Amino acid sequence: MIYRRRASPLHSARAGAGCAYCLALAIATLTLSNPIALAAMALGVLGAGVAAGVGRQLGRAALLGLPVVAAIVLINVLVSHDGLTVIARLGDLPILGHTDITLEATVYGAILGLRAVALILCGILYTLAVDPDEVLRLFRRVSFRSALSATLATRMVPILIRDGRRLAEAQRCRPGPPPSRLTLMRVACTGVLDRALDVAAALEVRGYGVARRPPAYRPPYSRHDLEFLVAAVAIIAVAIAGRVTGWASFIAYPSVHAAGWSALGVAVGLVAVAWLPFADRRGLRR
Amino acid sequence: MSFRVRTALAAVATAVVCGGCGLGPGPGTKSVSLTITKGFGSQHIGALTRSQVPGSETVMRMLERSYPVSTRYGGGFVASIDGLAAAGPERDWFYYVNGVQAAQGAATTGVHAGDHIWWDLHDWSATDAIPAVVGSFPEPFVNGIAGKRYPVTVECAANVGAACKRVTAQLNAAHVPAAPQLIGTGSGPDTLGIVVGTWPEIRGEVAAELIDHGPGASGVYATFGAGGGSLRLLNPRNQVVRTLGAGAGLIAATADNSSVPTWLVTGTDAAGVNAAAAALTATALHDHFALAVDGTTRLPVPLQGSQ
């Protein structure tokens, strides 16, 4: 799951705009608790992923997130004593004591799980659709050496993965039992460290250590940059408005109260704002 | 299906059936009352009685069903009830079920038939442990503690026969079987005892010794003078506000860590004990942590301010 350039509006936008857009989606997810609004956020991120050409990866991540949701729900119903509507009695359990499962704790656990999945999707959308090198370039004027280190580190990760696969395939060709994951990891890590030493030596020879602060890099704003920046601001504005006005209110304890139609309005607004920048397919970078 | 799997399933099923497990809230209970006060019962905030209570009801659920409540520490402790929050570093909400401070959080304390739940917001600078209060009389004698009824004994000193009869009659009127007996002849850690006698006569009792050690040990904001001839009434800050002399009586309840509460109906002299016994009614004790009696004057303890 790594970044690959694609012909999509999000890929065409500058890294700063892409970052702001993904960050806005994450902030909105953290701001809202209403299940309709949170479901809209998850849908919005998935839709954005589809429009950016990374829908399959996001869908797979969403499926992988289901066990996370189940785990969060399970933990919350066992740990939380809140809620008025008892749906099951588990009696006295070791460590946990007297345990009743309440509807409210179940709902709140599901909300937490949904929020976790939506946040994971935001992170994956960022990983797949925002150029990491460009992101690091944003920070090189702040701290050149840190940006360089981070760039090299992120470059090493796919190499580490490829090395691991190659080593595993090679070892499978040998007779005897297959090697353990630990053995593979140790060999791959050793290789990466060797490679890192080579890179460090090359950088030293080329004088990167004495490099000065690079000049500012300010390309003109493209239509996609502006659209995603406006979308980011609008997403945060809609989320905050939904929370402050109570249109997307949600209370889990002691009994569940959730805004209905108004939350639906907020949800539609969020999805529309999140998807709108993808409607403009002109001027895509390939 | 292998034998092991079947055995495991049978064990799980048995545990589910026998361990109080099941779907839904389970059978409900009846006649539970809830009282909210502040300042050791001095200010009434609200009260209600529910004729039917859903199954699996806890003290916290009943409170949340009836009043807006905010909680802290994961929902186990009450921060405010009906918007009334502790306004100070050493003030908090405490609750008593049938006049007994619960050993666990409200979220895990179950509600039983006939329970009287009492929430009070008070200053705990003198003590945060008040094991028992008298304001729920005739509880805990009628419905017991945590759903379990206990045998009741009335232990009487030698020269307070009239007061002893009065106490016994009050219990019998509440359908609590109790017979008077001599001090030290029958009460145990699993017996709800009422000790009746002048302070010099009963001060050897464990409960009286706790009161002698002050509120920090007994939760009772009153102590007797050295010879038992005076009764010092304290405020929530553990300061003596008023001292009563001859004819003063006290009704208080306390407990050590290992036993159910013991009530004391006592006084500086026989007249004081008689006055205290006369005050052993639900009306006179209503919402009081303890009650001092000076002739016909009844003084809820602890005293508030310069009362």
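Conventions we followed
- Numbering of residues begins from 1 in every chain and follows the order in which that chain's sequence is written.
- All chains are assigned letters beginning at A, and all ligands numbers beginning at 1, according to the order in which they are written.
- Local features are withheld for residues below a pLDDT of 70 in this predicted model, meaning they are given only at 70 or higher, and side-chain atom pairs are given and counted only at 80 or more; totals for whole chains, interfaces and linings count all residues.
- Calculated side-chain values reflect all of the structure's heavy atoms, with hydrogen atoms and water omitted.
- What counts as a salt bridge is simple: a side-chain nitrogen of Lys or Arg found within 4 Å of a carboxyl oxygen of Asp or Glu.
- Secondary structure counts use DSSP, requiring at least four H or I residues in a row for a helix and at least two E residues in a row for a strand, with both numbered from the N terminus.
- Accessibility here uses a 1.4 Å probe with only protein chains present; expressed as a share of the type maximum, an area under 20% marks a residue as buried, one over 50% as exposed, and anything in between as partly exposed.
- Pairing between two strands requires that DSSP report at least two bridges joining them.
- The rule for a disulfide is simple: a pair of cysteine sulfur atoms within 2.5 Å.
- Whether two residues touch is decided by their heavy atoms; if any such pair falls within 4.5 Å, the residues are in contact.
- Buried area, as used here, totals the accessible surface that two parts lose on assembly, with accessibility defined by a 1.4 Å probe and the loss added over both.
- In the analysis that follows, any N or O atom pair within 3.5 Å is treated as a polar contact, provided that within protein one partner can donate a hydrogen and the other can accept it, and provided that, for residues neighboring in sequence, both atoms belong to side chains.
- Classification convention: Asp, Glu, Lys, Arg as charged; Ala, Val, Leu, Ile, Met, Phe, Trp, Tyr, Cys, Pro as nonpolar; all other residues, Gly among them, as polar.
- What we call a nonpolar core is a set of buried Ala, Val, Leu, Ile, Met, Phe, Trp, Tyr and Cys residues that are connected through their side-chain atoms within 4.5 Å.
- Under the convention used throughout, the expected extent of a helix is 1.5 Å for every residue step, that is, one less than its residue count.
- Start and end points for every domain follow an automatic or database-based domain assignment.
- For every residue, the predictor states its confidence as a pLDDT score lying anywhere from 0 to 100.
- Whenever a helix is involved, its axis is fitted only over the stretch in contact; in every case the axis is a line through C-alpha atoms, and angles between N-to-C directions fall within 0 to 180 degrees.

Quick look at the pattern of salt bridges now. Residue and element names in this part refer to chain A. The tally for this structure, following the rule as stated, stands at 11 salt bridges over all chains. Close ionic contact of arginine 14 with aspartate 225 constitutes a salt bridge, the shortest N to O distance being 3.0 Å. Here arginine 14 is found in the loop between α1 (9–12) and α2 (15–31), whereas its partner aspartate 225 is found in helix α9 (residues 223–245), with 211 residues between them in sequence. Take arginine 14: its relative accessible area is 17%, and that puts it in the buried class. According to the relative accessible area criterion, aspartate 225 is buried, its value standing at 3%. Several salt bridges share partner residues, and in doing so they unite Asp163, Arg166 and Arg195 into one network.

Another point: the sheet that holds strand β9 (residues 116–123) of chain B. Spatially, 5 strands are ordered β3-β2-β9-β7-β8 (chain B) in an open sheet, and the strand pairing comes out mixed. The sheet is open, and its two edges are formed by β3 (43–53) and β8 (100–101) of chain B, each paired on a single side.

Let us look at the state of the cysteines. Counted according to the given criterion, the structure contains 1 disulfide over all chains. One disulfide in the model links B:Cys156 with B:Cys164; its S-S distance is 1.3 Å. Free cysteine A:Cys19: the closest other cysteine sulfur is in A:Cys22, separated by 7.1 Å.

Attention now moves to the interface of chain A and chain B. Of the residues lining the interface, 14 residues belong to chain A; the matching set on chain B comes to 16 residues. With both chains or domains summed, chain A and chain B bury close to 1300 Å², and 46% of this area falls on carbon and sulfur atoms. Counting the contacts that link chain A with chain B gives 1 salt bridge. For A:Asp100, the salt bridge goes to B:Arg61, with nearest N and O atoms at 3.3 Å. At the boundary of chain A with chain B, the tally comes to 5 residue pairs in polar contact (both at pLDDT 80 or more). At the level of secondary structure, the elements contributing two or more residues to the side of chain A that touches chain B comprise β1 (86–93) and β2 (97–102) of chain A. Among the elements that line the side of chain A that touches chain B, the one with the most residues is β1(A), at 7 residues. Residue composition of the side of chain A that touches chain B, by class: 6 nonpolar, 4 polar and 4 charged. Inspection of the sheet shows β1(A) paired to strand β1 (residues 22–23) of chain B by 2 bridges, in the antiparallel sense.

A:Leu10, A:Tyr21, A:Leu25, A:Leu125 and A:Ile235 are the most contacted members of the largest nonpolar core, which totals 46 residues. Only α2, α3 (35–51), α4 (55–79), α5 (103–129), α9 and α10 (261–275) of chain A provide two or more residues apiece to this core. Grouped together as the second largest cluster of nonpolar side chains are 38 residues, B:Phe141, B:Ile194, B:Val260 and B:Ala276 included.

Attention shifts here to helix α8 (residues 181–205) of chain A. Residues and elements named next belong to chain A. The end-to-end C-alpha separation of α8 is 36 Å, in line with the 36 Å expected for 25 residues at 1.5 Å each. Contacts made by the buried residues of α8 are with α7 (144–172). Just downstream of α8 lies glycine 207, where phi reads positive at about 80 degrees.

Domain assignment breaks chain A into domain 1 (9–132 + 218–279) and domain 2 (144–204). One C-alpha centre belongs to domain 1 of chain A, the other to domain 2 of chain A; they are set 35 Å apart.

Glancing now at the confidence of the model for chain B. A low pLDDT means the predicted coordinates there should not be read in detail. Residues with a pLDDT of 70 or more make up 94% of chain B, whose mean pLDDT is 89. Scored as a whole, the predicted complex attains pTM 0.78, and scored at its interfaces, ipTM 0.76.

On to the environment of A:Arg213, then. By the element assignment, A:Arg213 lies in the loop between α8 and α9. For the pair A:Arg213 and A:Ser143, spaced 70 residues apart in sequence, the C-alpha separation works out to 8.1 Å.

Attention shifts here to the sheet that holds strand β19 (residues 297–301) of chain B. All names here are of chain B. One open sheet accounts for 7 strands, arranged β11-β10-β12-β17-β16-β18-β19; its pairing is mixed. Lying at the two open borders of the sheet, with one neighbouring strand each, are β11 (180–182) and β19. For this sheet, the mean angle separating the axes of adjacent strands, direction not counted, is 20 degrees. Here strand β10 (residues 152–156) pairs with β11 via 3 bridges, running parallel. Directly across from glutamate 155, in β11, lies its bridge partner glutamine 181. Sheet strands in contact with helix α3 (residues 161–173) are β10, β11, β12 (192–198) and β17 (262–267), and its direction is about 170 degrees off that of β10. Contacts from helix α7 (residues 270–278) reach β12, β16 (248–254), β17, β18 (290–294) and β19, with the element oriented near 130 degrees to β17.

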